[in-house]
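# Chain and residue survey
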Amino acid sequence: MIGILEVVLVAGALGLAVAALVWAALDRPVRLGHLVAAAAVELVLLVQGVIAVGRVVAGTRPASTATFVAYAVGSLVVLPLGVLWALEERTRWSSVVLAIAAVTVAVIVLRMGSVWNGHA
Amino acid sequence: MPEPTRRSRRSRRPQQDKGPGRVLVAVYAVFVLAAGSRAAVQIATQFSDAPLAYILSALSAVVYLAATLALASSRPGAHRAAVACLSFELVGVLVVGTLSVVDSGAFPDDTVWSGYGRGYVFIPVVLPIVGLLYLRRQRS
């Protein structure tokens, strides 16, 4: 959708997923650095969401506005919920939960991009 | 009065480590979001196009939600509820998957369970199997 943000978001989310999976392989629970990275990804998601809303209001329409809005809202809730769910766990599985949330965000961002560019 | 203090501290910080079960709940929650938002969009914007497919989308979302809650709960009966939800889900994905392949005319638009979850890298057909195996191991 917004080329550079999409690349940054997918790379950031997948990077976080890999880091979290490595951490899980080392038998460690979620660490602060991973939470900071998740917060950074969430911030860029918010920026992307605000820009997208601005463009829709200005008249640009994705292939399916309803689908796009659903993805946009979904993209914002996944990481906060994933982090909350992970923080209740003090084993390696908390890192796996964070990795799953990060992969989900990457997939949603890619889907948002294709819906925006005309593929429903 | 040490006894009530200890008890209240324990209730504030219950044993929360669920291990791999926590990952299972997380994946199910992702599918609540995926199936739920898909159903909401389909029913809100184009319900008359393929009512059967969209009702099944909504049904799958409800099943995922029930499975997530049952897996996340540690109340008595939650285990049995989770087994019931996942069994229903497995039957659902197999029946809808088979119907969507055999009679694609009845499914002009995809649901989460179409083609055994093809649009979701087949996670929908693997998930209930992994979940049921986990639940069986957990009980023993």
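It should be noted that the structure appears before, not after, this text.
Report on the accompanying structure. (Residues numbered from 1 in each chain as written. Chains lettered and ligands numbered in written order. Predicted model: local features only at pLDDT ≥ 70, side-chain atom pairs only at ≥ 80, totals over all residues. Heavy atoms only, no water.)

### Remarks on the overall build of chain A
Defined as follows: Going along the chain from the N terminus, every DSSP run of H or I of four or more residues is numbered as a helix, and every run of E of two or more is numbered as a strand. Computation of the radius of gyration draws on C-alpha atoms alone. For the globule rule, the value is 2.2 Å times the number of residues to the power 0.38. Working definition: with a 1.4 Å probe on protein chains only, accessible area under 20% of the residue-type maximum means buried, over 50% means exposed, and in between means partly exposed. Any two residues having at least one pair of non-hydrogen atoms within 4.5 Å are treated as being in contact. For the purpose of charge, His is not counted, nor are the chain termini; Lys and Arg are scored as positive and Asp and Glu as negative. Charge placement uses NZ in Lys and CZ in Arg. For Asp and Glu, CG and CD serve respectively.
A count of helices and strands for chain A gives four helices and zero strands. The C-alpha radius of gyration computed for chain A amounts to 15 Å, which stays within 12% of the reference 14 Å derived for 120 residues, consistent with globular compactness. On the principal axes, the C-alpha backbone points of chain A span a range of 50 × 20 × 20 Å. Taken across its 120 residues, chain A has 44% of its residues classed as buried. When contacts within chain A are restricted to residue pairs at least 6 apart in sequence, long-range pairs at least 24 apart make up 83% of them. Side-chain charges in chain A split into 7 positive and 5 negative, and the spacing between the mean points of these groups amounts to 6 Å.

### Describing the pattern of salt bridges
Counted only if it meets this: Salt bridges are defined by distance alone: a side-chain nitrogen of Lys or Arg within 4 Å of a carboxyl oxygen of Asp or Glu.
Taken as a whole and assessed by the stated rule, the structure comprises three salt bridges over all chains. Put simply, A:E89 and B:R22 hold a salt bridge, and the shortest N to O gap is 2.4 Å. With A:E89 in the loop between α3 (65–87) and α4 (93–116) and B:R22 in helix α2 (residues 20–46), the pair connects residues from two separate chains. In this pair, the class of A:E89 matches that of B:R22, namely buried.

### Description of the interface of chain B and chain A
Heads up, the rule is: Buried area is calculated as the accessible area (1.4 Å probe) missing from two parts once they are joined, with the contributions of both summed.
Across the contact, 18 residues belong to chain B and 17 residues belong to chain A. When the area that chain B buries against chain A is broken down by residue, the three leading residues are B:D17, B:R22 and B:V23, summing to 37%. Joining chain B to chain A, the criterion identifies two salt bridges. A salt bridge links B:D17 to A:R90; its shortest N-O distance comes to 3.6 Å.

### Some details on the packing of α3(A) against α2(B)
Between two packed helices, both the angle of their axes relative to each other and the distance between the axes serve to describe the pair. This is how the line gets drawn: Lines fitted to C-alpha atoms define the axes here, with helix axes fitted over just the stretch in contact, and angles between the N-to-C directions of these axes take values from 0 to 180 degrees. Should an angle fall under 35 degrees it is called roughly parallel, over 145 degrees roughly antiparallel, and 65 to 115 degrees roughly perpendicular, with every other angle called oblique. Each crossing is labelled by how the near helix is turned from the far one, with a counterclockwise turn of less than a right angle marking it left-handed and a clockwise turn marking it right-handed. Residue classes follow a fixed rule: Ala, Val, Leu, Ile, Met, Phe, Trp, Tyr, Cys and Pro count as nonpolar, while Asp, Glu, Lys and Arg count as charged, and any other residue, Gly among them, counts as polar.
Axis separation between α3(A) and α2(B) bottoms out at 11 Å; the angle between their running directions is 160°. It follows from the interaxial angle that α3(A) and α2(B) lie roughly antiparallel. Crossing handedness for the pair α3(A) and α2(B): right-handed. Of the residues in α2(B), those in contact with A:A66, A:T67, A:A70, A:G74, A:V77, A:V78 and A:W85 of α3(A) are B:R22, B:V25, B:A26, B:L33, B:S37, B:V41 and B:T45. Looking at the contact of α3(A) with α2(B) residue by residue, the class counts come to nine nonpolar, four polar and one charged.

### Some remarks on the packing of helix α1 (residues 3–25) of chain A against α4(A)
Residues and elements named next belong to chain A. Close contact between α1 and α4 brings their axes to 8 Å; oriented N to C, the two are set at 160°. One way to sum up the angle between α1 and α4 is to call them roughly antiparallel. Remark: the crossing between α1 and α4 carries left-handed chirality. Counted together, E6, L9, V10, A13, L14, L16, A17, A20, L21, W23 and A24 of α1 and S95, V96, L98, A99, A102, V103, V105, A106, V109, L110 and G113 of α4 form the full contact between these two elements.

### Here's the deal with the side chain of A:E42
Mapped onto the elements of the fold, A:E42 is located in helix α2 (residues 32–58). Of the buried charged residues, A:E42 lacks a salt bridge, with B:R22 as the closest side chain of opposite charge at 18 Å. A:E42 has contacts with A:S75, A:L76, A:L79 and A:P80, leaving out every residue within four places of it along the chain.

### Considerations on unusual backbone geometry
Residue and element names in this part refer to chain B. Here the phi dihedral of V121 falls at roughly 40°; this positive angle occurs in a residue that is not glycine. Examined against the element boundaries, V121 turns out to sit in the loop between α4 (78–102) and α5 (123–139). Look at V121 and you get exposed, because its relative accessible area is 66%. One non-glycine residue with positive phi stands out, namely F122, at about 60°. Structurally, F122 can be placed in the loop between α4 and α5. Residue classification places F122 among the partly exposed residues on the basis of a relative accessible area of 39%.

### Notes on the packing of aromatic side chains
Heads up, the condition is: Under the pairing criterion, centres of Phe, Tyr and Trp rings, with the six-membered ring standing for Trp, must be within 6.5 Å; the plane angle then separates stacked pairs below 30 degrees from edge-to-face pairs above 60, leaving the rest tilted. Distance and angle both matter: a charge sits over a ring if NZ of Lys or CZ of Arg is within 6 Å of the ring centre and within 35 degrees of the ring normal.
Inspection of the entire model under this criterion finds five aromatic pairs over all chains. Considering the side-chain rings of A:F68 and A:W116, the 5.0 Å spacing of their centres and the 55° angle between planes classify their relative orientation as tilted. You can see A:F68 sitting in helix α3 and its partner A:W116 sitting in helix α4, a full 48 residues away along the chain. Judged by relative accessible area, which is 3%, A:F68 ranks as buried. On the basis of relative accessibility, which here comes to 11%, the residue A:W116 falls in the buried class. An angle of 65° between the planes, with centres 6.1 Å apart, marks the rings of B:Y64 and B:W113 as edge-to-face. Pair noted here: B:Y64 is in helix α3 (residues 51–72) and B:W113 is in the loop between α4 and α5, with a separation of 49 residues, a long-range link. Of the two residues, B:Y64 and B:W113, neither departs from the other in class, the shared state being buried. Its end group placed over the ring of A:W23, A:R31 keeps NZ or CZ at 4.8 Å from the ring centre.

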